[in-house]
Amino acid sequence: MSEEQNHNVSRRQFLTYTLTGVGGFMAAGIILPMARFAIDPVLQAESAGDMKAVASVDDLTDQPQRFDFSYEQEDAWNTSEVTETAWIYQEGDEIVALSPTCTHLGCTVGWEANQDHPEEFFCPCHGGRFKKDGTNIEGTPPTEPLHKYEVEVQEGTVYVGKAESQV
Amino acid sequence: MLQRVYEWVDERLDITPMWRDIADHEVPEHVNPAHHFSAFVYCFGGLTFFITVIQILSGMFLTMYYVPDIVNAYESVRYLQGDVAYGTIVRGMHHWGASLVIVMIFLHTLRVFFTGAYKRPRELNWVVGVLIFFVMLGLGFTGYLLPWDMKAYFATVVGLQIAESVPLVGTLSKTLLSGDPEIIGAQTLTRFFAIHVFFLPGALLGLLAAHFIMIRRQGISGPL
């Protein structure tokens, strides 16, 4: 008998449990769809970045040359044409495509852009310098090498993908 | 755990009297459906508020994707409804809730009217309630334009013609609403968006606060 009494649930407790349960269920039903709606960009599968045609292999030399390429970028309901730049050169069999974005504060670097520094990438903003393979030169502001594009060659055409950090 | 956090805060800020003052009051027998089932008619005011809360929440989330611009508005609505997860549901809540809130507020008005709850000393609360009703209609009118499709556009054309038909200040009020004496376009959409998202909700929250403070001060009206 005494054991049975221990299992008694008071009217107040019963109401607390059921009302909290029902209320929580309703609140979750309202909040969850909105939360999922809001965090959708985080859960969108990352698009496997298309490779874009940039240049013909015949045009490449052992000196970095500037190639601009444009592609359609889809941003939710907005589609726009984006233009990017790559500095490309060929060394033996290897084709190297470097991003022109300075790794210091994001200005645009140019090959031999400064006469005092031949055979180097130079950034006009704070005098950052990089070697031909993109390595940042000690004593100048940048802290890491220029980013490198994924490169692919098909039927004599050079395609590039995303620029990725070399470190 | 939660209990300990509560006690820690309560010891310092004495918050118990605050929520007790709001939450701890008796529901009179004639208002309690457990005693008389017909007392469910007293729920409509609370349901109006409940749906209003859902409208505010779903509206906040919709503005994460919506753009009040004639070029992008329609496309952004199509994107958030078609491509974003649960977009149909979140927009659906706002869409259906908008109609439902009018139904609920109307039933609430009927109950107040037929129980004579608007009589002295509660006349002021009736007045505030009617103002809330007008604000709700304004929210419905301005929100209807935002998807910027044909239905929205021509409903607003008609609505603005009604505003224009008001004697003396008609033309003025139409221009004030649409942002241009002739065109219903870019300025109309941004204005309606601002009114729908900032001005009317602000007014609504103030009026609701007044409505609730008055009902607590005066208590619910007696049985028939």
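Keep in mind it's a predicted model, so treat the numbers as computed, not measured.

(A) Representation of the interface of chain B and chain A. The partner chain A presents 14 residues to the 22 residues of chain B that form the contact. Taken over both partners, the interface formed by chain B and chain A buries close to 1600 Å², and the fraction arising from carbon and sulfur atoms is 82%. The largest share of the area that chain B buries against chain A comes from Phe61(B), Tyr65(B) and Tyr79(B), three residues that together contribute 31% of it. Linking chain B with chain A are zero salt bridges. Taken together, the links from chain B to chain A amount to two residue pairs in polar contact (both at pLDDT 80 or more). Where the side of chain B that touches chain A is concerned, the elements lending two or more residues are helix 3 (44-62), helix 4 (73-82) and helix 5 (87-114) of chain B. For the side of chain B that touches chain A, the element with the most residues is helix 3 of chain B, which contributes six residues. Across the side of chain B that touches chain A, the residue classes tally to 16 nonpolar, four polar and two charged.

(B) Molecular detail of the pattern of salt bridges. Tallying each qualifying case throughout the model produces seven salt bridges over all chains. Two residues, Arg129(A) and Glu120(A), come together in a salt bridge whose shortest N-O distance is 2.8 Å. Between Glu75(B) and Arg78(B) there is a salt bridge, with the nearest N and O atoms lying 3.0 Å from each other. Separated by three residues within a single helix, Glu75(B) and Arg78(B) lie in helix 4, roughly one turn from each other.

(C) Molecular detail of the confidence of the model for chain A. Summarising the model, chain A shows a mean pLDDT of 90, and 95% of its residues fall at 70 or more. Highest mean pLDDT in chain A belongs to helix 2 (residues 11-38) of chain A (95); lowest belongs to helix 1 (residues 2-6) of chain A (57).

(D) Structural detail: the sheet that holds strand 7 (residues 129-130) of chain A. All names here are of chain A. Spatial ordering of the open sheet is given by 5-6-7, a layout of three strands whose pairing is antiparallel. In this open sheet, the two edge strands, each paired with only one partner strand, are strand 5 (110-111) and strand 7. In terms of strand pairing, strand 6 (residues 121-122) meets strand 7 through two bridges, oriented antiparallel. Within strand 7, the residue paired with phenylalanine 122 across the bridge is arginine 129.

(E) Representation of the UniProt feature "transmembrane region" (unreviewed entry) in chain B in the model. Residues and elements named next belong to chain B. As recorded in UniProt, the sites labelled "transmembrane region" (unreviewed entry) are residues 39-67, 96-114, 126-146 and 193-215. Within residues 126-146, the helical portion is 95% and the strand portion 0%, while the C-alpha atoms at the span's ends are 31 Å from each other. For residues 193-215, the helix share is 100%, the strand share is 0%, and the end-to-end C-alpha distance is 32 Å.

Rules behind the numbers
Counting restarts for each chain, with residues numbered from 1 along the sequence as it is written. Think of it this way: whatever chain is written first is A, whatever ligand is written first is 1, and the rest follow in order. Given that this is a predicted model, residues contribute local features only at a pLDDT of at least 70 and side-chain atom pairs are listed and counted only at 80 or more, while totals for whole chains, interfaces and linings are drawn from all residues. Side-chain measures were taken over the full set of non-hydrogen atoms in the model, leaving aside hydrogen atoms and water. Residue contacts are defined here by distance: any two heavy atoms, one from each residue, within 4.5 Å place the two residues in contact. The term buried area means the drop in 1.4 Å probe accessible area that two parts suffer when joined, counted for both and summed. A pairing counts as a salt bridge when a side-chain nitrogen of Lys or Arg comes within 4 Å of a carboxyl oxygen of Asp or Glu. Here a polar contact is taken to be a pair of N or O atoms separated by no more than 3.5 Å, where protein atoms must pair a possible hydrogen donor with a possible acceptor and residues adjacent in sequence count only if both atoms sit in side chains. Labels follow the DSSP assignment, with helices taken as runs of H or I lasting at least four residues and strands as runs of E lasting at least two, numbered in each case from the N terminus. Here the term charged refers only to Asp, Glu, Lys and Arg, the term nonpolar to Ala, Val, Leu, Ile, Met, Phe, Trp, Tyr, Cys and Pro, and the term polar to all other amino acids, Gly among them. The predictor attaches a confidence to each residue, called pLDDT, with possible values from 0 through 100. DSSP calls a pair of strands paired once it identifies at least 2 bridges connecting them. UniProt positions are given in the numbering used here, feature names are shortened, and annotations may be inferred rather than shown by experiment.

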